[in-house]
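Okay, here's what each chain looks like letter by letter:
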Amino acid sequence: MIHILLIISSLFTFSAHAAVQDFCVADLLAPESPAGFACKPAANVTVDDFVSTGLRLAGATDNIIKAAVTPEFAAQFPGVNGLGISIARLDLAPGGVVPMHTHPGGSELLLVTQGFIKAGFISSANTVYVKTLQKGDIMVFPQGLLHFQVNAGGVASVAFASFSSATPGLQILDFALFANDLPSSLVETTTFLPDEVVKKLKAVLGGTG
Ligand SMILES: *[C@@H]1O[C@H](CO)[C@@H](O)[C@H](O)[C@H]1NC(C)=O
């Protein structure tokens, strides 16, 4: 009996001292590291760190891609920092395109909530997986693989994408090739594209060199 009491009391002592760190709300003022943001002091954390109203409204689609991606990654939604999870809203006007891109840091699970979206990814084995999705359909895009979403119905379409990382990252293929100062000659050598095409796309996307 005494033994049991001792064990129980030591368990209580243990649980009082071995506090689990329940969360690590991002301190956005501190620098980000590969492991994520530093934690805000627990005393400074409020419920609003765990809530965001940022996905209520459609993003602006009056742009070159006729689409908007509204991320709620750790930088926008500090509560997800360290939890290996995040979300984004995708709005595609008729003709809208989310160009070929990857998320180097996480897999993506897309849920269509309005309209029709043709989505696909390309595996490392260079196999193409494409499907037209409608409201209620989901599709998963494995981490790091190139993928895209395009409006497939001629009506405004909406989807929500959750990620297996608080900081999945986003690298857009066309921007990587044509929206920076990578010299045109190197773009042409590494893509086999002709000079006029590279120069034209750099002009459209804001690249130089
Ligand atoms: C935490 O709150 C204290 C008191 O309001 C403030 O001085 C401090 O800057 C806050 N720290 C962070 C990292 O938000």
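Residue positions are given per chain, counted from 1 along the sequence in the order it is written. A pLDDT threshold of at least 70 governs which residues receive local features in this predicted model, and a stricter bar of 80 or more applies before side-chain atom pairs are shown or counted, although totals over entire chains, interfaces and linings include all residues. Here the side-chain values reflect all heavy atoms present in the structure, with hydrogen atoms and water set aside.

Peer 1: What is the right way to look at the domain arrangement of the chain in this model?
Peer 2: Quite often, the size of an interface is put as the accessible area lost when its parts meet. Per the domain assignment, the segments making up the chain are domain 1 (42–165) and domain 2 (176–205). Domain 1 and domain 2 are separated by 27 Å when their C-alpha centres are compared. These domain boundaries are the output of an automatic or database domain assignment.

Peer 1: Looking at this model, I keep getting lost on the state of the cysteines. Mind explaining?
Peer 2: The term disulfide refers to a covalent linkage connecting the sulfur atoms of a pair of cysteines. Criterion for a disulfide: a pair of cysteine sulfur atoms at a distance within 2.5 Å. Scanning the entire structure with this criterion turns up 1 disulfide. What pairs with Cys24 in a disulfide is Cys39, and their sulfur atoms sit 2.1 Å apart. Across the S-S bond of Cys24 and Cys39 the torsion is about -100°, and the bridge reads as left-handed. Within this pair, whereas Cys24 is found in the loop between helix H1 (2–17) and strand E1 (32–33), its partner Cys39 is found in the loop between strand E2 (36–37) and strand E3 (67–72), the two being separated by 15 residues in sequence. Exposure remark for Cys39: the relative accessible area of 34% places this residue in the partly exposed category. Secondary structure counts use DSSP, requiring at least four H or I residues in a row for a helix and at least two E residues in a row for a strand, with both numbered from the N terminus. We call a residue buried when its accessible area falls under 20% of the maximum for its residue type, exposed when it is over 50%, and partly exposed in between, using a 1.4 Å probe and counting protein chains only.

Peer 1: Looking at this structure, how should I read the layout of surface pockets?
Peer 2: Where empty space is left can be seen by rolling a probe of water-molecule size over the atoms. Put simply, the largest pocket is a space of about 250 Å³. Forming the walls of the largest pocket are 19 residues, and the residues nearest its centre are Val69, Val98, His101, His103 and Leu170. Where the lining of the largest pocket is concerned, the elements lending two or more residues are E3, strand E4 (86–92), strand E5 (97–102) and strand E11 (157–163). As a working rule, the residues Ala, Val, Leu, Ile, Met, Phe, Trp, Tyr, Cys and Pro are called nonpolar, Asp, Glu, Lys and Arg charged, and the rest polar, with Gly in that last group. Residues that form the lining of the largest pocket fall into these classes: 14 nonpolar, 3 polar and 2 charged. Site definitions follow a grid-based scheme: protein atoms alone, a 1 Å grid, a 1.4 Å probe that fits but cannot get out for cavities, and for pockets an open set with protein on both sides within 12 Å along at least five of seven lines, plus lining residues having an atom within 4 Å of a point. Grid points are joined across faces, edges and corners, and a volume is the space filled by probe spheres set on the points. Of the voids in this model, the second largest pocket is the one considered here, and its volume is about 160 Å³. Ile64, Ile65, Lys66, Gly95, Val97, Pro99, Asp174, Phe175, Leu201, Val204 and Leu205 together form the lining of the second largest pocket. Within the residue set of the lining of the second largest pocket, elements represented by two or more residues are E5, helix H2 (173–178) and helix H4 (195–205). Top contributing element to the lining of the second largest pocket by residue count: H4, with 3 residues. Among the residues making up the lining of the second largest pocket, the classes are represented as 8 nonpolar, 1 polar and 2 charged. Shared between two domains, the lining of the second largest pocket holds at least three residues of each, these being domain 1 (42–165) and domain 2 (176–205).

Peer 1: So what exactly am I meant to see when it comes to helix H3 (residues 184–191) here?
Peer 2: In an α-helix there are 3.6 residues to a turn, and that puts residues three or four apart on one side. Listed as buried for H3 are Ser184, Val187 and Glu188. Looking down the long axis of H3, one finds its buried residues gathered within 95° of arc, a one-sided arrangement. Across H3 from its buried face, at more than 90 degrees, point the exposed residues Thr189 and Thr190. Of the surrounding elements, those touching the buried residues of H3 are H2 and H4. Trailing H3 by a residue or two, Phe192 shows a phi angle of about 65°, which is positive. Directions from the helix axis toward the C-beta atoms define the arc. Two residues qualify as a contact provided that any one of their heavy atoms is within 4.5 Å of a heavy atom in the partner residue.

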